[in-house]
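Survey of secondary and tertiary structure
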Amino acid sequence: MNNITSRINEVLQTSVDNGSTRGANCLVFKDGEELYGGSFGFADFENKIPMRRDSIFRLFSLTKPITSAAAMILIDKGVISPDDPVAKFFPEYEHLTYSAGSDQNGTEQILPCPDILKISHLLTMTSGLPYANNYCKSVCASAQLFDAVIAAQNGIAPVTTEEFTRRASEIPLMFRPGDHWDYGISADILGGVIEKASGMKYGDFLRENIFAPLGMDDTGFYVPEDKLSRFTALYKWGENGLERDSENYLGLTDYTAPPAFESGGAGLVSTIDDYAKFANMLCSRGKFGDVRVISNESFEYMTSPKLGKVQQSDLWERLKGYNYACLMRILTDESSAEIKTSNGEFGWDGWTGTYFCANPSTGIVCLYFTQIAGAGTTPQAEKIDKIVYDELVR
């Protein structure tokens, strides 16, 4: 264990010293027991506020596994089913369109979609609902939706979670549901479905069914005033290295007040200790201590590979060796994976460098949190995983 500590300490201290990160937290567990915990560098470099274990981070896409677990809770209760049409909750989804490619003149063809968009498509990112960009009509329409969210934030009628979900039905799908995998706003739509199906505001549903039972007291869609001193600064890469980033992304706010749009894909903030409770719950197949959050059956569904060969070929190159489960990657071919863990490992990362992986067969949970725009799975996270598996498994 001392070797794990010294090796991870070296990775994290070197990262701070060489400027590849401003600050970071890391935790490692084996069978629920903490084997490593470390905080390095600064939560706010300019103001010399040190990183602490209770520092609060923007989760970005680490929000998605929590949204997936929330869906499993409603599946356990019989409120929703993976086979349910999204139109069951939002009739706007009864008449969708999709991009059918370009005609002989190079004009993109948008046609009525003959297929039903289901909750299972949202869980597996096979819905065809994209993130914002500018290279085709689908992603341009997504960009326009996020622009509308931002424009309305300071108005008298900000875009809510359910309104976002309704408006997203106007986006032409990138493809017919189920045909391909594409990383997009599926989890945001799923958050709207959970809100509508449960009859509770999405944040309230998460608090009642996940955060409160697990004791995740520092997790939510904003940072209360009395906790703002623990909120980490965000950084981005510039010409001279890491520099402070004051921009807001994906329709999110500055996190100082409850948002109207509670993004199921990117909106949560949390501490590494809070998220470790969630990760250890998943590693224990849906149970944390005496608290069962999701059933064993739902855990199996949530963490089982869902993509066929065509869909799997759509995954990013860095996910070689992985399949995709419910808003998480799952390792199925450890021999070809860049991240050196073992088959059955699942997890995800956030755009700002928040990362976790868990494996019920080994009992190992690793978490690495930093705050760098565009970071995703960082080299530090990959090194930490390799160290842990070298020491505990191989």
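The preceding data block contains the structure.
Our focus in this paragraph is the nonpolar core. Core analysis: the biggest nonpolar cluster contains 111 residues, and Ile210 and Leu367 have the highest contact counts within it. The element contributing the most residues to this core is helix 8 (residues 272-283), with eight residues. When residues no more than four places from it in sequence are discounted, the contact partners of Leu367 are Asn25, Cys26, Leu27, Phe29, Ile272, Tyr275, Ala276, Ala279, Tyr355 and Phe356. Within the second largest apolar cluster, eleven residues are counted, among which are Phe60, Leu234, Tyr255 and Ala266.

Bringing the side chain of Thr341 into the picture now. Positionally, Thr341 belongs in the loop between strand 13 (329-331) and strand 14 (346-349). Using a relative accessible area of 1% as the deciding quantity, one classes Thr341 as buried. Side chain to side chain, Thr341 and Glu345 meet in a polar contact 2.7 Å long. Those residues in contact with Thr341 that lie beyond four places of it in its chain are Tyr322, Leu331, Glu334, Asp385, Tyr389 and Arg394.

If you walk through the whole model with that rule in mind, you get 23 salt bridges. Put simply, Arg176 and Asp115 hold a salt bridge, and the shortest N to O gap is 2.5 Å. Taken together, the positions of Arg176 in the loop between helix 5 (161-168) and helix 6 (186-198) and Asp115 in the loop between strand 6 (108-112) and helix 3 (119-123) put the pair 61 residues apart, joining distant regions of the chain. Judged by its relative accessible area of 31%, Arg176 falls in the partly exposed class.

This part covers the pairing of strand 8 (residues 241-244). Where strand 7 (residues 235-238) and strand 8 come together, four bridges link them in antiparallel fashion. The residue bridging Lys236 from the neighbouring strand is Glu243, located in strand 8. What sits between strand 7 and strand 8 in their antiparallel hairpin is a turn of two residues.

Relative to the 22 Å expected for 16 residues at 1.5 Å per residue, helix 1 (residues 2-17) spans 22 Å between its end C-alpha atoms, a close match to the ideal helical length. Every buried residue belonging to helix 1 is among Ile4, Ile8, Val11, Leu12, Ser15 and Val16, and all of these are buried. On an axial view of helix 1, the arc spanned by its buried residues comes to 130°, and they lie on one face. Exposed and oriented more than 90 degrees from the buried face of helix 1 are Asn2, Glu10 and Asp17. In this structure, the buried side of helix 1 is in contact with strand 1 (23-30), strand 2 (33-44), strand 16 (364-369) and helix 11 (379-392). Residue Gly19 follows helix 1 closely and has a positive phi angle near 80°.

Relative to each other, helix 2 (residues 63-76) and helix 6 sit at 35°, their axes nearing to 10 Å. Pair helix 2 / helix 6 crosses with left-handed handedness. Residue-level inspection shows Lys64, Thr67, Ala70, Ala71 and Leu74 of helix 2 in contact with helix 6, the latter providing Ala187, Leu190, Gly191, Ile194, Ala197 and Ser198.

It is worth spelling out the environment of Gly264 at this point. Inspection of the secondary structure assignment puts Gly264 in the loop between strand 8 and strand 9 (269-270). A relative accessible area of 0% means that Gly264 is categorised as buried. Taking the C-alpha atoms as reference points, Gly264 and Lys64, separated by 200 residues in sequence, lie 6.2 Å from one another. Not counting residues up to four positions away in its chain, the partners in contact with Gly264 are Thr63, Lys64, Thr67, Ala187, Asp188 and Tyr202.

As enumerated under the stated definition, the model contains 20 aromatic pairs in all. Each ring, one from Phe164 and one from Phe261, has its centre 4.4 Å from the other, and the planes form 15°; the classification is stacked. In this pair, Phe164 sits in helix 5 while Phe261 sits in the loop between strand 8 and strand 9, placing the two residues 97 residues apart along the sequence. Exposure remark for Phe261: the relative accessible area of 5% places this residue in the buried category.

Parameters at a glance
- Residues numbered from 1 in each chain as written.
- Predicted model: local features only at pLDDT ≥ 70, side-chain atom pairs only at ≥ 80, totals over all residues.
- Heavy atoms only, no water.
- Core = buried A, V, L, I, M, F, W, Y, C linked by side-chain atoms within 4.5 Å.
- Buried < 20%, exposed > 50% of the residue type's maximum accessible area, 1.4 Å probe, protein only.
- Helix = DSSP H or I, 4+ residues; strand = E, 2+ residues; numbered from the N terminus.
- Contact = heavy atoms within 4.5 Å.
- Polar contact = N/O pair within 3.5 Å; in protein donor to acceptor, adjacent residues only side chain to side chain.
- Salt bridge = Lys/Arg side-chain N within 4 Å of Asp/Glu carboxyl O.
- Pairing = 2+ DSSP bridges.
- Expected span 1.5 Å × (residues − 1).
- Arc of directions from axis to C-beta.
- Axes fitted to C-alpha atoms, helices over the stretch in contact; angles between N-to-C directions.
- Left-handed = near helix turned anticlockwise from the far one by under 90°.
- Phe/Tyr/Trp six-rings, centres within 6.5 Å; stacked < 30°, edge-to-face > 60°.

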